[in-house]
Amino acid sequence: MSVVVVGAGPVGLTAALTLARRGHEVTVLEAGRTLAAESRASTFHPPSLEMLESLGVLNPLLDKGIIASTFQYRERGGGEIATLDLGVLTEDTRYPFRLQCEQSKLTPILLDALGGNVRFDQPVHGVYRGDDGVILHTSHGPVRAEWVIGADGAHSAVRNGIGARFEGTTYPERFLVASVEEDLTAVLPGIAPINYVFDPHEWLVLLRTPEHWRVLLPTPGETSDELELSRLPQRLTAVADLGRPWRLRHASLYRVHQRVTDQFRVGRVLLMGDAAHVNNPLGGMGMNSGIHDAVQLANTLADVLEGAPESALDLTAARRRTVAIEHVQRTSHDNWQRLHGPEDGFRRQVRELAADPVAARAYLRRACLLDSLEARS
Ligand SMILES: Cc1cc2nc3c(=O)[nH]c(=O)nc-3n(C[C@H](O)[C@H](O)[C@H](O)COP(=O)(O)OP(=O)(O)OC[C@H]3O[C@@H](n4cnc5c(N)ncnc54)[C@H](O)[C@@H]3O)c2cc1C
């Protein structure tokens, strides 16, 4: 088998489709019996939309999502600080907006475009690297590949199997994400589809998705899930008092880490997406940067399969690691720090950005990862 991708998440399926579009044989092994349906990433940045367009899968995604042309910084209880308009990026991208749409709507589109060669219920348990290929141990027996792409998420068996490290830190608080069946534009007039709300005690993020609004709240690291979920109705009422409990559709708590693996390429194994790097979700960079890994590394692998030197893969792998550290981790961590209570300088800066299209353009190019695609290793 030529290339085996482990993991049918957004990153693994994007990598597989990139290779398939270049005419290479590719098989995907997925542990689950179906594609994951859980509520996770919900923002697509402009460069990801361009990449999905070049793979021929953008239109069905646009049909399912909501175009968010602006996002807002707000003061808790004090209203808007500034609204930034992604329209200033018209010279930089064909898609000067964020598309609000869950990742679980992208994966079936990618699967459809691949048209087969995805084997469900095939967890990979181990990896053996030889000189001219790799053997994957699965519950259905060994699978041999010339090249392996590990896109099997944060607990990656491929990463563990090749002995790669995954160092970094864990945030002290957990994140609580609640999907609600309330129209927040009616109760908080003037809000944008994406809102970062500053507060030293309880910051929050309000995000619109096609079917509901999401509220992201910081939550103590050590309390029980039961306690935190029982406190949620009060916390939502404190965001906006509707005179009745908010209609809650779903809520979950999770721990957030900033980690990156030491090498994105080890011999004939490539790591990408959450298997290679994880970060906090503020700014919506995890899935997006994973899609960028997938397109860039899979295209370089296709070049190598077509005769380019393998050193090209080392360069792309090193560049993607630099992006994970210097763009994704740095920006998402800055976003986390500011939400706790931005310095007055940052409030002034975002107000000035909102009034100055040239400065806003520079800021938004970084925030939506356009700059990261020009990064050098
Ligand atoms: C609550 C939440 C909110 C988020 N919000 C955002 C956001 O707004 N924007 C953003 O960009 N990112 C966000 N993220 C991060 C984003 O969800 C991840 O970065 C993204 O899912 C990474 O995609 P992936 O394909 O690398 O990994 P995954 O989506 O985790 O997919 C990995 C796949 O591999 C399979 N697998 C696992 N182990 C094996 C194995 N041993 N063998 C075979 N298959 C295996 C899994 O079943 C899964 O299908 C969020 C994450 C969470 C948890």
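Residues numbered from 1 in each chain as written. Predicted model: local features only at pLDDT ≥ 70, side-chain atom pairs only at ≥ 80, totals over all residues.

Q: Before we go on, may I ask you to explain the overall build of the protein in this structure?
A: Tallying secondary structure elements over the protein gives 11 helices and 22 strands in all. On C-alpha atoms alone, the protein measures out to a radius of gyration of 21 Å, which is about the 21 Å that the 2.2 N^0.38 rule sets for 377 residues. Principal-axis analysis of the C-alpha atoms places the extent of the protein at approximately 65 × 50 × 35 Å. Every one of the 377 residues in the protein was classed for burial, and the buried ones make up 45%. Taking the intrachain contacts of the protein between residues at least 6 apart in sequence as the baseline, contacts between residues at least 24 apart amount to 73%. (Helix = DSSP H or I, 4+ residues; strand = E, 2+ residues; numbered from the N terminus. Rg over C-alpha atoms; globule rule 2.2 N^0.38 Å. Buried ≥ 20, exposed ≤ 12 C-beta atoms within 10 Å, placed from the backbone. Contact = placed C-beta atoms within 7 Å.)

Q: Mind showing me how you'd approach unusual backbone geometry here?
A: Glycine aside, the phi torsion of most residues is negative, and most peptide linkages are trans. Positive phi outside glycine occurs at Asn117, with the angle close to 60°. What makes Asn117 partly exposed here is the crowd of 14 C-beta atoms within 10 Å.

Q: Sorry, what's going on with the sheet that holds strand S22 (residues 277–278) here?
A: Through backbone hydrogen bonds, the strands of a sheet pair up, either in parallel or in antiparallel fashion. Spatially, the three strands line up as an open sheet ordered S13-S19-S22, and their pairing is antiparallel. Unpaired on one side and paired on the other, strand S13 (166–170) and S22 mark the two borders of the sheet. Where S13 and strand S19 (residues 257–261) come together, five bridges link them in antiparallel fashion. Following the sheet pairing, Gly168 is matched in S19 by Arg259. Along the sheet, helix H9 (residues 311–339) makes contact with S19 and S22, crossing S19 at roughly 175°. (Pairing = 2+ DSSP bridges. Axes fitted to C-alpha atoms, helices over the stretch in contact; angles between N-to-C directions.)

Q: Looking at this structure, how should I read the site of the ligand?
A: Surveying the vicinity of the ligand reveals 35 residues, the closest of which are Gly7, Gly9, Gly153, Gly273 and Gly286. The dominant element in the shell around the ligand, judged by the number of residues it contributes, is helix H8 (residues 286–305), at four residues. Each residue belonging to the shell around the ligand can be placed in one class, and the counts come to 18 nonpolar, 13 polar and four charged. (Near = placed C-beta within 6 Å. Nonpolar A, V, L, I, M, F, W, Y, C, P; charged D, E, K, R; others polar.)

Q: So what exactly am I meant to see when it comes to the nonpolar core here?
A: Here is a general trend for soluble globular proteins: nonpolar side chains tend to be buried in one another's company. Counting residues in hydrophobic clusters, the biggest one holds 102 residues, and the most contacted among them are Val5, Val6, Ala15, Ala16, Val148, Val158 and Met272. Among residues more than four places away in sequence, those in contact with Val158 are Val6, Val124, Val127, Val148, Gly150, Asp152, Val269, Leu271 and Ala275. (Core = buried A, V, L, I, M, F, W, Y, C linked by C-beta atoms within 7 Å.)

Q: Help me understand the sheet that holds strand S12 (residues 147–150), please; the structure alone is not making it clear to me.
A: Ordered by their spatial adjacency, six strands build an open sheet running S8-S2-S1-S12-S21-S20, and the pairing between neighbours is mixed. The open sheet has two free edges, formed respectively by strand S8 (118–119) and strand S20 (265–266), since each of these has just one partner strand. Sheet analysis places strand S1 (residues 3–6) next to strand S2 (residues 26–29), joined by four bridges and oriented parallel. Opposite Val6, over in S2, you have Leu29 as the bridge partner. Packed on one face of the sheet, helix H1 (residues 10–21) meets S1, S2 and S12 and runs near 165° to S2.

Q: What is the right way to look at helix H2 (residues 46–54) in this model?
A: Think of an α-helix as 3.6 residues a turn; residues three or four steps apart then line up on the same face. Listed as buried for H2 are Pro46, Pro47, Ser48, Leu49, Met51 and Leu52. Turning to H2, the residues buried within the fold contact strand S3 (43–44), helix H3 (58–64), strand S7 (98–100) and H8. Downstream of H2 by one or two residues, Gly56 has phi in the positive range, about 80°.

Q: Even after reading the chapter, I still don't get the environment of Phe97, so can you show me in this structure?
A: Residue position: Phe97 is located in the loop between strand S6 (79–85) and S7. Phe97 gets classed as buried once you count the C-beta atoms within 10 Å, which come to 23. Each C-alpha atom of the pair Phe97 and Asp85 lies 8.4 Å from the other, and the pair is 12 residues apart in sequence. Among residues more than four places away in sequence, those in contact with Phe97 are Ile67, Ala68, Ser69 and Leu86.

Q: Help me out: how do you make sense of the environment of Arg268 in this one?
A: Examined against the element boundaries, Arg268 turns out to sit in the loop between S20 and strand S21 (269–271). Sequence-distant contacts of Arg268, defined by excluding residues within four places in its chain, comprise Arg129, Gly133, Val134, Glu146, Trp147 and Val148.

Q: Teacher, can you tell me more about the environment of Pro210 here?
A: Assignment of secondary structure puts Pro210 in the loop between strand S16 (204–208) and strand S17 (213–219). Assessed through the 13 C-beta atoms surrounding it within 10 Å, Pro210 is described here as partly exposed. In the structure, Pro210 is positioned 108 residues away from Glu102 in sequence and 8.2 Å away in space, judged by C-alpha atoms. When sequence neighbours within four positions are dropped, the list of residues in contact with Pro210 reads Lys64, Gly65, Ile66, Gln100 and Cys101.

Q: Please explain the packing of helix H10 (residues 344–355) against helix H11 (residues 357–367) as it appears in this structure.
A: Between two packed helices, what matters for the description is the angle formed by their axes and the separation of those axes. At a minimum axis separation of 6 Å, H10 and H11 run at an interaxial angle of 115°. Taken together, the axis directions place H10 and H11 in an arrangement best described as roughly perpendicular. In terms of crossing hand, the pair formed by H10 and H11 is left-handed. Residues Glu352, Leu353 and Ala354 of H10 form the contact with H11, whose own contacting residues are Ala359, Ala360 and Tyr363. Taken together, the residues of the contact of H10 with H11 break down into five nonpolar, no polar and one charged. (Parallel < 35°, antiparallel > 145°, perpendicular 65-115°, else oblique. Left-handed = near helix turned anticlockwise from the far one by under 90°.)

Interpretation in functional terms is not warranted from these geometric data alone.
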